Amino acid sequence: VSLWYNGSTVLFGENFAQFEFTPAWIYSNVSFLDGIVFDGGTPVRIVGGGFDPEHPIGYTCQWSWDAPGSSCRLGESGLNSRGSECKQVSSADTTLPPHLRGPHRAVSWSEILCWTPPWLFEDETVALRLYVGNTLVDKAFMTEPSTTFTEFPGVFTGTSNGWILGQSTVTMQGQHFAITDLSPKARIGGTGCSATGWISNSEMHCLLPQGKVVTVGTTVTICPFRTVATSDTFTYDGPVVLSATTVNSTEQAENSTV
């Protein structure tokens, strides 16, 4: 190891020490709005220093709710641990579409961009942590940045209708059905759809149950904590007479002859 000063090499005696350099990452600012929608796909910009755009592992954002006295580590719990002490989900989760899923490369030495996965727990204030592999990245402030995942799924009023006999596929339009298929469930007027199919964050299919000629409400469930009932959103269609004409007695007799 050589030390340079004003263009001259300064030596440290006859025996040279062996140095091992380790990367030092730190972040100082996180850009997101308080109250991120739960259904995922919101970009989060992390600003700091020492990030390596060519790092072989990449960077992962984790959102966690910690019970008092606990500490959530990356990978300690996931979507199947609802209600446990550690509620967490990361930007490498499979609930994100592949093109948004981490680990993420740094945009530059000072910036990382990651995306929020769906938060399928209750509305609680959650902390954001940044990892390289399983190593927690230091932050330049005492407390971790935090936010709350808000909103619920819902069907737009008056956007759907279908035949009273059921067993036909209708498209339900709404919002917050999630950015990937999380197997949503729907009920029409209190009766569950025979089958449902996710299309996008704003559309889903429903194999219609039987009903009566009436406008009813719908219920959409993404998970136990993300369900909403909306009134007057679906109309059952009955028989409709498009026109009527009179028939004279001769035509009636001819039409009835076998």
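Conventions we followed
- Residues numbered from 1 in each chain as written.
- Predicted model: local features only at pLDDT ≥ 70, side-chain atom pairs only at ≥ 80, totals over all residues.
- Heavy atoms only, no water.
- Pairing = 2+ DSSP bridges.
- Helix = DSSP H or I, 4+ residues; strand = E, 2+ residues; numbered from the N terminus.
- Buried < 20%, exposed > 50% of the residue type's maximum accessible area, 1.4 Å probe, protein only.
- Salt bridge = Lys/Arg side-chain N within 4 Å of Asp/Glu carboxyl O.
- Disulfide = S-S within 2.5 Å.
- Phe/Tyr/Trp six-rings, centres within 6.5 Å; stacked < 30°, edge-to-face > 60°.
- Lys NZ or Arg CZ within 6 Å of the ring centre and 35° of its normal.

Participant: Even after reading the chapter, I still don't get the sheet that holds strand β16 (residues 169–175), so can you show me in this structure?
Facilitator: Within a sheet, neighbouring strands are paired by backbone hydrogen bonds and run either parallel or antiparallel to one another. Strand order in the open sheet formed by 4 strands is β14-β16-β20-β19, and the pairing between neighbours is antiparallel. The open sheet is flanked by β14 (154–155) and β19 (196–200), the only strands paired with a single partner. Note that β19 and strand β20 (residues 203–207) share 4 bridges and pair antiparallel. Note on β20: the bridge partner recorded for glycine 197 is histidine 205.

Participant: In this structure, what is going on with the pairing of strand β10 (residues 125–132)? I would like to understand it.
Facilitator: Along any regular strand, the residues point their side chains to alternate faces of the sheet. For β10, a buried count of 7 out of 8 residues is recorded, marking the element as mostly surrounded by other parts of the structure. Strand direction decides the pairing type here: strand β6 (residues 59–66) and β10, joined by 6 bridges, are antiparallel. Pairing of glutamine 62 across the sheet is with arginine 129, part of β10. Bridge analysis of β10 against strand β13 (residues 146–150) gives 3 bridges, and the strand direction is antiparallel. Counted as the bridge partner of valine 126 is threonine 147 from β13. The pairing of β10 with strand β11 (residues 135–136) spans 2 bridges and is classified as antiparallel. Opposite tyrosine 131, over in β11, you have leucine 136 as the bridge partner. The antiparallel hairpin formed by β10 and β11 contains 2 residues in its connecting segment, where glycine 133 sits at a positive phi of about 60°.

Participant: I tried to follow the pairing of β20 on my own but got confused; where do I start?
Facilitator: Here β20 shows one buried face, formed by Met204 and Cys206, and one open face, formed by Glu203, His205 and Leu207. In the sheet, β16 pairs with β20 via 5 bridges, with the strands oriented antiparallel. Paired with threonine 169 across the strands is leucine 207, a residue of β20. The turn linking β19 back onto β20 is made up of 2 residues.

Participant: What exactly am I supposed to notice about the pattern of salt bridges here?
Facilitator: Charged atoms that come close allow side chains of opposite charge to pair. Per the counting criterion, the structure on display carries 5 salt bridges. The shortest N-O distance in the salt bridge between arginine 45 and glutamate 111 comes to 3.1 Å. Separated by 66 residues along the polypeptide, arginine 45 in strand β5 (residues 43–49) and glutamate 111 in strand β9 (residues 111–115) bring together distant segments of the chain. A salt bridge links lysine 87 to glutamate 124, with the shortest nitrogen-to-oxygen separation between them at 3.3 Å. Of this pair, lysine 87 sits in strand β7 (residues 86–90) while glutamate 124 sits in the loop between β9 and β10, and the two are 37 residues apart along the sequence. Across the pair, exposure class does not vary: lysine 87 and glutamate 124 are buried alike. The network of salt bridges with shared partners includes Lys87, Glu122 and Glu124.

Participant: Hey, could you run me through the state of the cysteines in this one?
Facilitator: Chemically, a disulfide is nothing more than a covalent bond linking the sulfur atoms of two cysteines. Enumeration according to the criterion identifies 2 disulfides in this entry. At a sulfur-sulfur separation of 2.1 Å, the disulfide partner of cysteine 61 is cysteine 114. Here cysteine 61 and cysteine 114 share a disulfide; its torsion about the S-S bond, -95°, makes the bridge left-handed. With a gap of 53 residues between them, cysteine 61 in strand β6 and cysteine 114 in strand β9 connect regions that are remote in the sequence. Residue cysteine 61 is classed as buried on the basis of its relative accessible area of 1%. Using a relative accessible area of 0% as the deciding quantity, one classes cysteine 114 as buried. What pairs with cysteine 193 in a disulfide is cysteine 206, and their sulfur atoms sit 2.0 Å apart.

Participant: What should I look at first to understand the packing of aromatic side chains in this one?
Facilitator: Here a ring pair, both rings aromatic, is described through the centre-centre distance and the interplanar angle of the planes. Tallied over the full model, the rule gives 5 aromatic pairs. Plain terms: the ring middles of tryptophan 119 and phenylalanine 149 are 5.5 Å apart, the flat faces sit at 10° to each other, and that makes the pair stacked. Taken together, the residues span a long stretch of sequence, with tryptophan 119 in the loop between β9 and β10 and phenylalanine 149 in strand β13 at a distance of 30 residues. Through pairs of rings, three or more aromatic residues link up here, namely Trp63, Trp119, Phe121 and Phe149. In this arrangement the basic side chain of lysine 87 is found over the ring face of tryptophan 65, its NZ or CZ atom lying 4.7 Å from the centre.

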